[in-house]
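What follows is each chain in one-letter form.
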Amino acid sequence: MATRHFLTLLDLSPEELHYLIQRAITIKNRLRAQGPVYAPFTNRTLAMIFEKSSTRTRVSFETAMAHFGGHALFLSPRDTQLGRGEPIEDTARVLSEMVDIVMIRTFSHAGLETYAGASSVPVINALSDDYHPCQLLADVMTWTELRGSVRGRTAVWIGDGNNMCHSWINAARQFDFQLRVCCPEGYEPRQDILEAAGDRVTLLHDPAEAVIGADLVTTDVWASMGQEEEQAKREADFAGFQVTEDMLDRAKADVLFLHCLPAHRGEEISATLLDDPRAVVWQEAGNRLHAQKALIEFLLLGRVDH
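Residues numbered from 1 in each chain as written. Predicted model: local features only at pLDDT ≥ 70, side-chain atom pairs only at ≥ 80, totals over all residues. Heavy atoms only, no water.

**Q** Give a detailed account of the sheet that holds strand β2 (residues 71-75), specifying residues and quantitative values.
**A** Reading across the sheet, the four strands line up as β2-β1-β3-β4 and stay open at both edges, with parallel pairing between neighbours. Taken across any chain shown, the strands that pair with only one partner, and hence form the sheet edges, are β2 and β4 (123-125). On average, adjacent strands in this sheet sit at an angle of 20° to one another, irrespective of strand direction. Here strand β1 (residues 45-50) pairs with β2 via five bridges, running parallel. Bridge pairing in β2 places Leu46 opposite Ala72. (Pairing = 2+ DSSP bridges. Helix = DSSP H or I, 4+ residues; strand = E, 2+ residues; numbered from the N terminus. Axes fitted to C-alpha atoms, helices over the stretch in contact; angles between N-to-C directions.)

Okay, structure coming up:
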């Protein structure tokens, strides 16, 4: 099989993404019933390059490889030649000779594309400044588990037009649901990403209006990694965009709330929102493990029928 990379949700077809969601659910159910007995990656190695800190990403990828009988290597710039100026392409070519697959959590999406262009093994975007596609696999998986097909449903993004918002826009295109993006003026998502989604995405600036009749509501922190110096300004600009229980009351009765975590309680969400039964963030976080198992399996082995 030709080398496939997963840098955005657009790297796979809608049909392949549907397969991944169903495969992740199958893998999860098998783990619960039988334990980690399926080990297709004996003697296979995943290199994990981290330029940004992580909890869920590192633990889920390492656990995925362990459950599948393989091994994961943690690499940070300060521990590798990347931190001393080795060209990205040279590192990609070296690691292609030694490992089976690479996961990168980084700042520059362009740098990630450069790496993938020089790599002869699959490369997974575990977060860049522009996209977070692995999180969306877990999010759509959670939504599907709890509510069935997401096709034709309505999701609402409240907050910054950041990498998570961009991936939600791509998800609306690929999984065929409606997305309302609600952000303060000046914090809109990239125009080219928005335009490419066509009529699947609507841009709004009033959260109370945006959530009416929604099937799902989601948000993220107001200041992402690397934006800490903007915290005070963003808190002022995002006043009125906090997701609360009262806001969810304006959505459908069976609305779900998602958050990629970590959450800043009392900022982008009310202090008690994660304790609300409509918030399914712990299941969502756990599904990172299963969705990424399905992704790694697909990139290395192709479709699996069992």
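**Q** Hey, could you go over helix α11 (residues 281-301) for me, with residue numbers and the actual values?
**A** Under the 1.5 Å per step criterion, the end-to-end length of α11 is 30 Å for 21 residues, consistent within 8% with the ideal 30 Å. Maximum bend of α11: about 30°, positioned at Asn287. The buried fraction of α11 amounts to 16 of the 21 residues, a majority that puts the element mostly inside the structure. (Expected span 1.5 Å × (residues − 1). Bend = angle between axes of the 7 residues up to and from the residue. Buried < 20%, exposed > 50% of the residue type's maximum accessible area, 1.4 Å probe, protein only.)

**Q** Please give an account of the side chain of Arg288 that cites residues and values.
**A** Its location among the elements puts Arg288 in helix α11. Although buried, Arg288 forms no salt bridge, and the nearest oppositely charged side chain, Asp139, lies 7.4 Å from it. A distance of 2.9 Å separates the side chain of Arg288 from the side chain of Thr57, its partner in a polar contact. A polar contact is formed between the side chain of Arg288 and the side chain of Gln135, at a distance of 3.1 Å. When near neighbours in sequence (up to four residues on either side) are disregarded, Arg288 contacts Arg56, Thr57, Ser60, His132, Cys134, Gln135 and Ala138. (Lys, Arg positive; Asp, Glu negative; His and termini not counted. Salt bridge = Lys/Arg side-chain N within 4 Å of Asp/Glu carboxyl O. Polar contact = N/O pair within 3.5 Å; in protein donor to acceptor, adjacent residues only side chain to side chain. Contact = heavy atoms within 4.5 Å.)

**Q** Go over the packing of aromatic side chains, please, and point to the residues and values.
**A** As enumerated under the stated definition, the model contains ten aromatic pairs in all. With 5.3 Å between their ring centres and 80° between their planes, Tyr38 and Phe68 make a pair best called edge-to-face. Of this pair, Tyr38 sits in the loop between α1 (14-34) and β1 while Phe68 sits in the loop between α2 (56-67) and β2, and the two are 30 residues apart along the sequence. For the pair shown, Tyr38 and Phe68 are each scored as buried. Note on Phe238 and Phe241: the rings are 6.3 Å apart at their centroids and 75° apart in plane angle, and the pair reads as edge-to-face. For Phe238, a relative accessible area of 0% corresponds to the buried category. A residue is classified by how much of its surface remains accessible, and Phe241, at 7% relative accessible area, is buried. Positioned above the aromatic ring of Tyr38, the side-chain terminus of Arg30 is 5.2 Å from the ring centre. (Phe/Tyr/Trp six-rings, centres within 6.5 Å; stacked < 30°, edge-to-face > 60°. Lys NZ or Arg CZ within 6 Å of the ring centre and 35° of its normal.)

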